[in-house]
Amino acid sequence: MAAFRKFPELFDVVGYAEDDERWINVRGNANGYSNLQRMSVDDIIEKCDAVIIETDVWNLTKIAQKCVDAGKHIHMDKPASGTLEEFKKVLDTAKEKNLIVQMGYMYRYNPAVLKCFEHIKNGDLGEIYSINAEMSTFHDVKYKKWLKNFNGGIMYILGSHLVDLAVYILGKPDKITSFMKHTMLDDVDFEDNNLAVLEYEKALVRIYVSSVEVNGWGRRQLMVSGSKGTVNIMPLENECTMTYADLNICGNNSYEDVKTKVDVSDVPKDARYDDMVKDFYSYIIGEKDNPFTYEHDYLVQEVLSEIVGGIKFNSENPYL
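Scope of this entry: the structure provided in the associated data block. Remember, it's a predicted structure, so these values are computed and weren't measured experimentally. (Residues numbered from 1 in each chain as written. Predicted model: local features only at pLDDT ≥ 70, side-chain atom pairs only at ≥ 80, totals over all residues. Heavy atoms only, no water.)

## What to know about the nonpolar core
Counting 88 residues, the largest nonpolar core has L198, I207, L222, I233 and I307 as the members making the most contacts within it. With near-sequence residues (within four places) excluded, I207 lies in contact with A133, M155, G159, L162, V163, A166, N194, L195, A196 and L198. (Core = buried A, V, L, I, M, F, W, Y, C linked by side-chain atoms within 4.5 Å. Buried < 20%, exposed > 50% of the residue type's maximum accessible area, 1.4 Å probe, protein only. Contact = heavy atoms within 4.5 Å.)

Next comes the structure, spelled out in structure tokens:
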């Protein structure tokens, strides 16, 4: 909400809806909601051209369906909830009505990731053989207890970001193998140390996410390697660092670390959603085409579902 309110020349934010009083007590005083009218969900849908949906994760698809049924563009927090069939219905309805669906995967708009996409599109990396993607944190007990709500734990919440990037680059995998470990650190029992391997005809993708990695933030990574070159982004943000190597740069130095550092703008934490929300506006007015299609968004959820063993919610600990 704070990001959308940064751009009054693009968005007229009319208000917010929250039916759960406990969330009002927990988050109602956040700066993003200051001086905004609290309205009902139905009033928001009626008064707006577009709706930004951030709810308890297990309610996202249900609210999204109400919005697209009413003909509204949506920005939807990630990952999608409900069954695959229910999420597909949201996307099918939106496609039929020519509505924008933007999922809240912010790394799609990260300058270094976009530069990596450009290298892939231009053929600079050749045929892609390998992707290594990591997104870990050392979470406190309170957050880890909240993650017990989700089948797949941290893989469902953070791994979804990496699945999004991997399938955008390589498409649907031929085989998925998951390793979902419970460390029981702090006596919290959930999938907190997870690895998924996506297999393609020639390529391997490794997606690792953890809630128990000290300085996990500093090792958040996207590495893409092919027959002609390698891009490595680590950390993904704050401080975003990107290196590039190809056969011209490396020459015959097979046993040396030869690469160039790519100058990419880092994104401050309080601005990490800015380009995403500006693109949402551009998609709606037809200034840009959303490169992340309805079919792509469904595939992300389909692959994520297989990784975690099905989309299921415990909903026992909904409050941080």
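## Regarding the sheet that holds strand β11 (residues 229–233)
Here eight strands make up an open sheet; going across it, the order is β7-β8-β9-β6-β10-β11-β12-β13 and the pairing mixed. The open sheet has two free edges, formed respectively by β7 (175–181) and β13 (260–262), since each of these has just one partner strand. Averaged over neighbouring strand pairs, the angle between their axes works out to 10° when direction is ignored. With four bridges connecting them, strand β10 (residues 221–226) and β11 associate as antiparallel partners. (Pairing = 2+ DSSP bridges. Helix = DSSP H or I, 4+ residues; strand = E, 2+ residues; numbered from the N terminus. Axes fitted to C-alpha atoms, helices over the stretch in contact; angles between N-to-C directions.)

## Section: the sheet that holds strand β5 (residues 101–103)
Judged by pairing direction, the sheet is parallel, and its three strands sit side by side in the order β3-β4-β5 without closing on themselves. Both edges of this open sheet fall to β3 (50–53) and β5, since each of them pairs with a single strand only. Averaged over neighbouring strand pairs, the angle between their axes works out to 10° when direction is ignored. When strand β4 (residues 73–76) meets β5, the two strands line up parallel, connected through three bridges. The residue bridging I74 from the neighbouring strand is V101, located in β5. Along the sheet, helix α4 (residues 60–69) makes contact with β3 and β4, crossing β4 at roughly 165°.

## Here we look at the environment of E46
Structurally, E46 can be placed in helix α3 (residues 41–47). Residue E46 is classed as exposed on the basis of its relative accessible area of 61%. Separated by 89 residues in sequence, E46 and M135 have C-alpha atoms that sit 38 Å apart.

## Re the pattern of salt bridges
According to the stated counting rule, one finds 18 salt bridges in the structure shown. One salt bridge connects D92 with K88, and the closest N-O pair in it is separated by 2.7 Å. A residue pair is termed a helical-turn pair when its members lie 3 or 4 positions apart in one helix, as D92 and K88 do in helix α5 (residues 84–96) at four residues. For D92, a relative accessible area of 38% puts it in the partly exposed group. (Salt bridge = Lys/Arg side-chain N within 4 Å of Asp/Glu carboxyl O.)

## Considerations on α4
The buried fraction of α4 is high, at seven of 10 residues. Listed as buried for α4 are L60, T61, I63, A64, Q65, C67 and V68. Looking one or two residues beyond α4, the residue adopting positive phi is G71, at roughly 80°.

## Quick notes on empty space enclosed by the protein
Taken as a whole, this structure holds one cavity of 30 Å³ or more when the rule is applied. Every residue lining the largest cavity is listed: A80, F87, M103, Y105, D297, V300 and Q301. At three residues, the largest contribution of residues to the lining of the largest cavity is made by helix α11 (residues 294–308). Its residues assigned to classes, the lining of the largest cavity shows five nonpolar, one polar and one charged. (1 Å grid on protein atoms, 1.4 Å probe; cavity = no way out; pocket = protein on both sides within 12 Å on 5 of 7 lines; lining within 4 Å. Points joined across faces, edges and corners; volume = space filled by probe spheres on them. Nonpolar A, V, L, I, M, F, W, Y, C, P; charged D, E, K, R; others polar.)

## A word on unusual backbone geometry
The linkage connecting K78 with the following residue, P79, adopts the cis geometry, with an omega of -15°. With respect to the element layout, P79 can be found in the loop between β4 and α5. Unusually for a residue other than glycine, D186 sits at a positive phi of about 65°. With respect to the helices, strands and loops of the structure, D186 is situated in the loop between β7 and β8 (193–199). One non-glycine residue, N238, lies in positive phi territory at about 50°. With respect to the element layout, N238 can be found in the loop between β11 and β12 (242–246). The class for N238 is partly exposed, based on a relative accessible area of 23%.

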